[in-house]
Amino acid sequence: MIRIEPREAPSRTLTIGVPVASALIALMLAAIPLAFAGANILEAYGQMAKGIFGSVFAFTEMLTRATPLIFTGLAATLAFRAKLWNIGAEGQFYLGAMAAVTVGTGMIDAPSYILIPIILFTGAAAGAAGMAGPAYLKTRFGADEVVTTLLLNFIILIFMQMMLEGPLKDPMGMGWPQSEPIVDNGMLPQLLPRMRVHFGLIIALIAAVVAQIMLSKSVWGFKLRAIGENAAAALHAGIGVKRTLMGAAIISGAMAGLAGVSEVAGLKGYLTADLSPGFGYTGIVVAMLAGLSPIGVVLSAIFISSVFVGADSMSRAMGVSSYLADLVVAMSLISVLVGGFIARYRISWINKGVA
Amino acid sequence: MEGPDFSAPLPMTNNLVLSLKALSKRFGSVVANDAVSIDLHQGEVLSLLGENGAGKTTLMNMLFGHYMPDSGTVDVADMDGNMHPLTLGHPQAALEAGIGMVHQHFTLAENLSALDNILLGSESLLRWRQNHRAARHKIAGIIERTGLSAPLDEKVGNLSVGERQRVEILKALYHDARILVLDEPTAVLTPQEADTLFENIGAMTKDGLSVIFISHKLREVLAFSHRIAVLRHGRKVGEIATKDADEKSIARMMVGADTPVNPREDIAVGAPVLQLKSITVSGDSARNSLQDANLTVHANEVVGIAGVSGNGQSALASIVSGLAGPDHGEMLVDDVAITRFDPPNLLKSGIGRIPEDRHHDGVIGAMTVAENLIIERLNDPDVQKNGFLRQEIIREHAQELCRDYDVRGPGIDAQARLLSGGNIQKLILARVFECSPRLILANQPTRGLDLGAANEVARRLLEARKRGAGILLISEDLDEVLALSDRIVVIHDGQLIAAKDKDRASIGLMMAGEHT
Amino acid sequence: MDILQILISDSFWAAAFRIATPLIFGVLGALICEKAGVLNLGIEGIFAAGAMAGWMAVWLGAGLWGGLLVAALTGGAFGLLHAILTVPLGLSQHVSGLGITMLATSLSYFTYRTTLPNVSSPPRIVPFQPLDIPVLSDLPFVGLVLFQQTAMTWLAFFMVALVWWVLNRTPLGMAIRAVGDNPDAVDAQGLSVYGLRIGAIVAGSALMALGGAFLTMSAFDAFFFGMVNGRGWICIALVIFASWRPGKALLGAVLFGAFDAFQVRLQTEVGALVPSQVFLMAPYVMSIIALVIVARRAEYPRALLTPWFKGQR
């Protein structure tokens, strides 16, 4: 018979070791589908490593890919900490991106030190609004936010397609459903010449640090954690639960919105309906892998992005489907869940039926 | 107290039906049971007496297969009276051996009918339909023999507590239990309902059933059992035939020393601190309703609310702590009418709250002791500056409070869930008293605590009374209400009725709704 | 006037039942899991896995009913993984479910791509055909609406009746409902909480996979990426709308199907005036509105989302 007992206090080694081990295990498990695809496994891993560390460009590409993941990872972290299940980061991402191309493609003519903050703010506000809605429906009507945010993702995606075929459509786009490009003054500066890594990464890192400080040191963060751990006791103790949840929703949505802004105004320059390869959903994996710690989000975003970039380059080189990357990401989520269980509980085997 | 006669000698007193042999169980570093041995005979009512935390429930959970003992064995008699070892750790084995248990927290599915609950687990899961007709026939027989009755086709969620308890017992008997374990069966009953229960038990034992009845109430143990076994700190410290026992001797066995009694000085009461005027709450059930409730608590006064749980106590507590507003009526704190019912506002007007479910509503288990101590005053300048927590001051202050209130545990930076129930309650007391509230709502403040911790809580409450606070004490433990209160108000079916005096019998009748 | 004509036309109702069929499977599957106390957000991925596996089996020559069996087994396997994570391990049902969705989706896509690397247009199978029942299929109105559906629609109806019977009339159903309300009650009677919950999740997930298989084996004849398109999430909303009752689940799914079929027809009527996306959005918007309306009254199974551990009471 298996006996499962909670550990009194999980050790620091386990808290950090488990996510790292889970990530590595997921990477190793990738060998199974690789073998299924008939690829040389060692060569495949070699190609992946080369795709990430093979050149400065490859490495900066990885950081570029990590940027939106840090934002969506923070979005999930801040919401999940309050046990607010924001599964709608994908939609909020597109709201942010739409807002960015709305104000950034010539509507406002201003120098970049004015225009960029405006774009960032409207994008964040649009994302925030996208989560404020479900949070309101939850606190006011008790509508489950999991379902509403999931369904909103589809609504927003369709809405965006409508916009891209209508008001936001680029007349010069030769009929493609894409927006006009963001004006030069509105683009986030690049960090290195001839590399695509952009200022969005700096904003993401600042956001992670600020989130970490707010969560652990501020009264707001205290309230957020209290609600997440025990909403009934928090309510009883006089913490405004609805208000705090609303605040968490707004910040979480804003983070996802910033992810969209950063992709549009930092990388692509214009909006298309395939801007996100699922950054919103992947943000959940990033957050879980980080143990819902904002600083950890940076590291886990870098890991996940490495998987994507590495697998992309490997699949180009070896002809293995790039869906492998999604598979590894999904497996790391499952592994970290199981790993988290091992960190929290002591599992022992005892002899069955003493009598 | 009218009831079956337990002083008569047992007819078949030598037929052993159950024998627990040196059962031991540890949880982490806590020894819950240490080599406990107990025998039970056919037709006997054995009381298992002990304070909260003495290990009674753990012992029975091992017998019933919910816990695996670390060591020890159990023998059970079969239909012919031959003893066989019981496979431990499997509820199914205990059921098949004819052991039935009625837990303190009922194990009933509220979304099923009473009948379906009784049948649960009795039919093969592969059957394509239930056999209700045969079941009803068998239950009718049991009801005839024991006098137990319950509305079989009603959903359990709609039944009263007493009815649910009878469904539990019927369930055990339906599963052919020959040994019935009742865990604190009277905790949720009025004194009158309890008497009915003991009548039923009398009928059952005449039928050959043996009963183990767990309790910490001396009076009922003395009145309704043949033999008493006493547990203390996980050990069996004594066993005595009931006819040879008296209250004082078993109390000493149970506690280890004479119980200290908190001195209650007579103090003149002050001005009213809490006034409820014609408060009406229409909830979805009696549990959550109040009808035209009037109540005043003065400074330097303890007002005890006596009543069986589920009669509107939670509605009353919700109003006073601000979790819900009334539909009609008015509440005044220090003569100021409350207009906004939410917890922060009522905290501000000087109401301190000791919640009923201290683990669920009182503390946030995953946060530290220090954090739990500040949770009600996050806007206090001592606690925060510019929206950021002042860690140094908070920690120093937490050290101080833990010292003053004797909160023991792994330290102020440890998660609150690691504290024992008594220490969690002390933490809550420290948090409440620190704000020097005008009124303290103490909802079941000693439930589940051992006597030492319970006495400490009572002492603190009386101290607050002396300092000038008004105390609204809600408790299901009539003895506690009688011991602590200056005035007693009985709650029944959402109505508050003042008791004329502290007379146990008349209050018991009022709790059952019989008053004119 | 046009609208009325749509609503009384037999082709409209035939489409409504066709659209409803995968949802019926999905809602029933989700309902069984939740009745036992476990939310299964793996549904969206299990739909994809069922669609892929069933189709692939037929394509490899297993036959249509063999394909359904493969789909159900695949769904059951993902269900078993979700069950292990959420029942004995007691992990977050939300996160585990999303993980299953990601895993099942990516694994299906990966498998499809790896098995068929070089196809430009998706290969096709011969799917389930409309029934042709003598007399019944030729009846006016109901002939087209009900008796010219494929066998899978009737399988879905049968499942509604079966699930209703099991949950309301059998000892197993009582045990499943009890374990979703108060696991201690089940444990106290010597039944296995883990066994019941794991079994319910596996069975429910197998049903979800049949919903997915309908897409590739009855509605279409090929597998496409992204073809599930939120149907799983809509089922999760419909379960709440249906108050966890099989009969109401059928009603909810058919109402949804009717709404969806209606918006398609309305689109052709007024398509020139309103962008087509407005109609595409409508079913999702409708689901949210329905959810908001019923949310306050919803009586969730009491033990939903609460893990239960043996020996901790």
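Treat the numbers as computed from the prediction; the structure is a model and nothing was measured.

Participant: Mind showing me how you'd approach the overall build of chain B here?
Facilitator: If you tally the helices and strands in chain B, you get 17 helices and 22 strands. Its C-alpha radius of gyration of 25 Å places chain B within 12% of the 24 Å reference for a compact globule of 516 residues. Its C-alpha atoms give chain B principal-axis dimensions of about 75 × 50 × 50 Å. In chain B, which comprises 516 residues, the share counted as buried stands at 49%.

Participant: Explain the interface of chain A and chain C to me, please; I cannot follow it from the model alone.
Facilitator: Contacts between chain A and chain C engage 38 residues on the former and 34 residues on the latter. Counting only elements with at least two residues in the side of chain A that touches chain C, the list comes to helix H2 (31–36), helix H6 (112–141), helix H7 (145–165), helix H12 (279–289) and helix H14 (323–344) of chain A. Per-class residue counts for the side of chain A that touches chain C are 31 nonpolar, 5 polar and 2 charged.

Participant: Can you walk me through the interface of chain C and chain B in this structure?
Facilitator: Interface size, as often reported, equals the accessible area lost upon joining of the parts. On the chain B side, the residues contacting the 20 residues of chain C number 23 residues. Among the elements that take part in the side of chain C that touches chain B, helix H8 (residues 171–181) of chain C stands out by supplying 7 residues, more than any other. The residue inventory of the side of chain C that touches chain B, partitioned by class, reads 8 nonpolar, 5 polar and 7 charged.

Participant: Quick question: what am I supposed to make of the sheet that holds strand S6 (residues 99–102) of chain B here?
Facilitator: Strands belonging to one sheet form pairs held by backbone hydrogen bonds; the direction of such a pair is parallel or antiparallel. All names here are of chain B. An order of S6-S7-S8-S3-S9-S10 is seen for the 6 strands of this open sheet, with the pairing classed as mixed. Two strands lie at the open edges of the sheet, namely S6 and strand S10 (235–241), each paired on one side alone. Strand-to-strand twist in this sheet, taken as the mean axis angle between neighbours without regard to direction, amounts to 20 degrees. Note that strand S3 (residues 45–49) and strand S9 (residues 227–232) share 4 bridges and pair parallel. Bridged to Ser-47 within S9 is Ile-228. In this fold helix H5 (residues 161–174) packs onto S6 and strand S7 (179–183), with an angle of close to 170 degrees to the strand it touches most, S6. Against the sheet, helix H8 (residues 247–255) makes contact with S3, S9 and S10, and its axis sits at roughly 30 degrees relative to S9, the strand it touches most.

Participant: What is the right way to look at the pairing of S10(B) in this model?
Facilitator: The side chains of a regular strand alternate between the sheet's two faces. Residue and element names in this part refer to chain B. Relative to S10, S9 is paired through 6 bridges, and the arrangement is antiparallel. Paired with Arg-232 across the strands is Arg-235, a residue of S10. The hairpin turn running from S9 into S10, its antiparallel successor, is 2 residues long, and His-233 in that turn takes a positive phi close to 50 degrees.

Participant: How do you make sense of the domain arrangement of chain B when you look at a structure like this?
Facilitator: By domain assignment, chain B separates into domain 1 (16–109 + 177–255), domain 2 (261–350 + 437–516) and domain 3 (369–435). Of note, the centres of domain 1 of chain B and domain 3 of chain B, computed from C-alpha atoms alone, are 39 Å apart.

Participant: Looking at this structure, I do not really get the packing of H8(C) against helix H10 (residues 193–219) of chain C. What am I missing?
Facilitator: In a pair of packed helices, the angle between the axes and the distance between the axes together describe the arrangement. Residues and elements named next belong to chain C. In the contact formed by H8 and H10, the axes pass within 10 Å of each other and the chain directions differ by 105 degrees. Regarding the angle of H8 to H10, the classification is roughly perpendicular. Seen from H8, the contacting residues are Ala-175, Ile-176 and Val-179; seen from H10, they are Val-193, Leu-196, Arg-197 and Ala-200.

Participant: Just checking my understanding: could you explain unusual backbone geometry for this structure?
Facilitator: Residues and elements named next belong to chain B. If you check the backbone angles, Asn-386 has positive phi at about 55 degrees while not being a glycine. In this structure, Gln-444 is a non-glycine residue whose phi angle is positive, near 50 degrees. Structurally, Gln-444 is set in the loop between strand S19 (439–443) and helix H15 (451–467).

Rules behind the numbers
Residues numbered from 1 in each chain as written. Chains lettered and ligands numbered in written order. Predicted model: local features only at pLDDT ≥ 70, side-chain atom pairs only at ≥ 80, totals over all residues. Helix = DSSP H or I, 4+ residues; strand = E, 2+ residues; numbered from the N terminus. Rg over C-alpha atoms; globule rule 2.2 N^0.38 Å. Buried ≥ 20, exposed ≤ 12 C-beta atoms within 10 Å, placed from the backbone. Contact = placed C-beta atoms within 7 Å. Nonpolar A, V, L, I, M, F, W, Y, C, P; charged D, E, K, R; others polar. Pairing = 2+ DSSP bridges. Axes fitted to C-alpha atoms, helices over the stretch in contact; angles between N-to-C directions. Domains from an automatic or database assignment. Parallel < 35°, antiparallel > 145°, perpendicular 65-115°, else oblique.

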